[in-house]
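Here is what each chain is made of, one letter per residue.
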There are 2 protein chains.
Amino acid sequence: MDDARTRLIESTRELLWERGYTGTSPRAIQERAGVGQGSMYHHFAGKADLARAAIRSTAQEMVPRSRAHLEGPGTPLERLRAYLRAERDALRGCRVGRLVQDAEVVADASLREPIDEVFSGTLQRLAAVLREGQAAGEVRADVDAGQVAAALLSVLQGAYVLARAHQDPARFTAAVEGVLALVAAPR
Amino acid sequence: MDDARTRLIESTRELLWERGYTGTSPRAIQERAGVGQGSMYHHFAGKADLARAAIRSTAQEMVPRSRAHLEGPGTPLERLRAYLRAERDALRGCRVGRLVQDAEVVADASLREPIDEVFSGTLQRLAAVLREGQAAGEVRADVDAGQVAAALLSVLQGAYVLARAHQDPARFTAAVEGVLALVAAPR
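Procedures and definitions
- Residues numbered from 1 in each chain as written.
- Chains lettered and ligands numbered in written order.
- Predicted model: local features only at pLDDT ≥ 70, side-chain atom pairs only at ≥ 80, totals over all residues.
- Heavy atoms only, no water.
- Helix = DSSP H or I, 4+ residues; strand = E, 2+ residues; numbered from the N terminus.
- Areas by Shrake-Rupley, 256 points an atom, 1.4 Å probe, with all protein chains shown as cover.
- Lys, Arg positive; Asp, Glu negative; His and termini not counted.
- Charge placed at Lys NZ, Arg CZ, Asp CG, Glu CD.
- UniProt positions renumbered as here; feature names shortened; annotations may be inferred.
- Contact = heavy atoms within 4.5 Å.
- Buried area = accessible area lost by both parts, 1.4 Å probe.
- Salt bridge = Lys/Arg side-chain N within 4 Å of Asp/Glu carboxyl O.
- Polar contact = N/O pair within 3.5 Å; in protein donor to acceptor, adjacent residues only side chain to side chain.
- Phe/Tyr/Trp six-rings, centres within 6.5 Å; stacked < 30°, edge-to-face > 60°.
- Buried < 20%, exposed > 50% of the residue type's maximum accessible area, 1.4 Å probe, protein only.
- Expected span 1.5 Å × (residues − 1).
- Least-squares fit on C-alpha atoms with pLDDT ≥ 70 in both.

1. Overview of the overall build of chain A
(1) Moving on: Each helix and strand in chain A was counted, giving 9 helices and 0 strands.
(2) Moving on: For chain A, the α and β elements follow one another from N to C terminus as α-α-α-α-α-α-α-α-α.
(3) Moving on: Reported as C-alpha extents along the three principal axes, the dimensions of chain A are approximately 65 × 35 × 30 Å.
(4) Moving on: With an accessible surface of roughly 7800 Å², chain A has 48% of that area assigned to carbon and sulfur atoms.
(5) Moving on: Each charge class in chain A was averaged separately, 25 positive and 24 negative side chains, and the resulting centres sit 2 Å apart.

2. Quick word on the UniProt feature "domain: HTH tetR-type" (unreviewed entry) in chain A
(1) Moving on: Residues annotated by UniProt as "domain: HTH tetR-type" (unreviewed entry) correspond here to residues 2-62 of chain A.
(2) Moving on: Secondary structure within residues 2-62 of chain A divides into 79% helix and 0% strand; the distance between the first and last C-alpha atoms comes to 23 Å.

3. Points about the interface of chain A and chain B
(1) Moving on: Opposite the 47 residues of chain A that make contact, chain B presents 47 residues.
(2) Moving on: Across the interface of chain A and chain B, roughly 4100 Å² is buried in total on both sides, 64% from carbon and sulfur atoms.
(3) Moving on: Between the two partners, chain A and chain B, sit 2 salt bridges.
(4) Moving on: With a shortest N-O distance of 3.8 Å, Asp116(A) and Arg171(B) are connected by a salt bridge.
(5) Moving on: Our count for the contact surface shared by chain A and chain B stands at 18 residue pairs in polar contact (both at pLDDT 80 or more).
(6) Moving on: At the level of secondary structure, the elements contributing two or more residues to the side of chain A that touches chain B comprise helix H6 (103-107), helix H7 (109-135), helix H8 (145-166) and helix H9 (169-183) of chain A.

4. Description of the packing of aromatic side chains
Geometrically, a pair of aromatic rings is defined through the distance of the ring centres and the angle of the planes.
All names here are of chain A.
(1) Moving on: Applying the stated criterion across every chain, the model contains 2 aromatic pairs over all chains.
(2) Moving on: Each ring, one from Tyr 160 and one from Phe 172, has its centre 4.9 Å from the other, and the planes form 50°; the classification is tilted. In this pair, Tyr 160 is assigned in helix H8 and Phe 172 in helix H9, connecting sequence segments 12 residues apart.
(3) Moving on: Look at Phe 172 and you get buried, because its relative accessible area is 6%.

5. What to know about the UniProt feature "DNA-binding region" (unreviewed entry) in chain A
(1) Moving on: When the UniProt feature table is mapped to this numbering, "DNA-binding region" (unreviewed entry) covers residues 25-44 of chain A.
(2) Moving on: Secondary structure content for residues 25-44 of chain A is 75% helix and 0% strand, while the C-alpha to C-alpha distance between its ends is 14 Å.

6. Some remarks on helix H7 (residues 109-135) of chain B
(1) Moving on: Its 27 residues give H7(B) an end-to-end C-alpha distance of 38 Å, which sits within 8% of 39 Å, the value for a rise of 1.5 Å per residue.
(2) Moving on: Of the residues trailing H7(B), Gly137(B) is marked for its positive phi of about 80°.

7. Things to note about the side chain of Ser11(A)
Residue and element names in this part refer to chain A.
(1) Moving on: Topologically, Ser 11 is positioned in helix H1 (residues 3-19).
(2) Moving on: According to the relative accessible area criterion, Ser 11 is buried, its value standing at 5%.
(3) Moving on: Non-local contacts of Ser 11, meaning those with residues more than four positions away in its chain, are made with Ile 29, Arg 32 and Ala 33.

8. Re the relation of the copies chain A and chain B
Both copies of the chain are related by one operation, a rotation about an axis with a shift along it.
(1) Moving on: With an RMSD of 0.0 Å, chain A superimposes on chain B once it is rotated by 180° and translated 0.0 Å along the axis. What the rotation and shift describe, once combined, is the action of a two-fold rotation axis. Closest to the rotation axis within chain A is the C-alpha of Gly158(A), separated from it by 1.9 Å.
(2) Moving on: Of all interface residues in chain A, 100% are interface residues in chain B too; the two copies therefore contact each other through one and the same surface.

Shown next, in the form of structure tokens:
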């Protein structure tokens, strides 16, 4: 793969994570990538095109990682714990989730849809593991697995918000442990 | 209160909600408020100063509303349900929560701290109602109220992210109902 192209995507990924879509200028991407304007427009039609490539690249990393936890070894509850407790950079926030706070991202279906796909796939996998856990008696049985999957994914996304507001990763951990305690079947 | 000052704060509140801090320019605030640059700098030192006033004004609205639910009539579980189900604009996101995704807001303690205060106060109130509910046998007793409070507030914040990504308020509702089902004591 072309080296300038790779550097442009990597720089866009970093800047989107740090500053969001609105806060990232084409010039900042070029500077971080060490690539000139002409080369950037040779490879990409513009900022939205670059952001699409960056989001795709991030999704291609994230999805296999979440599958490894949710479809990996262990009982259903152990897999849910492994997924929710997997090391996350609580103060930096979610690479994809932070982008949907951005009005420009939500207004552009070609940017929003790949993010939605990551979330929708994760919700399906979470619901499947929850149902397995309910069948095995590990997960609280008198709740709707689809709704609880939405609650689990929301805890992850919202826990970043709490941790960033307080500048303390402990807020993230508390939220994750709180929902994990609620998910486990009472003894 | 001076009319231009009020209009400047109201316009900043709206723009912060729609576009975030980085996406809001002093010029856009002036245009929406119908106030000239000179008048803006007569009332406020700049964008950060205006944003502080806007965040304070939003907090002064939100905190009494959440107290009315959490400290209002009804059993502890009814109050938690009232708070979590209170009408929210799921696709627009949280007026304060969306701001902490912004690197510039997190980097400026005078912007971040008033947001953190809203969250920290809400966490304390949620934990108090959860403990009341545990004592009354309505809320699952074998969980840590502080951690579950963090999970509840995270669900609200994260449910906005899911709803915006999918452009569907049903994702918000599913997450809220999922966590409410988990909080209730099993029968």
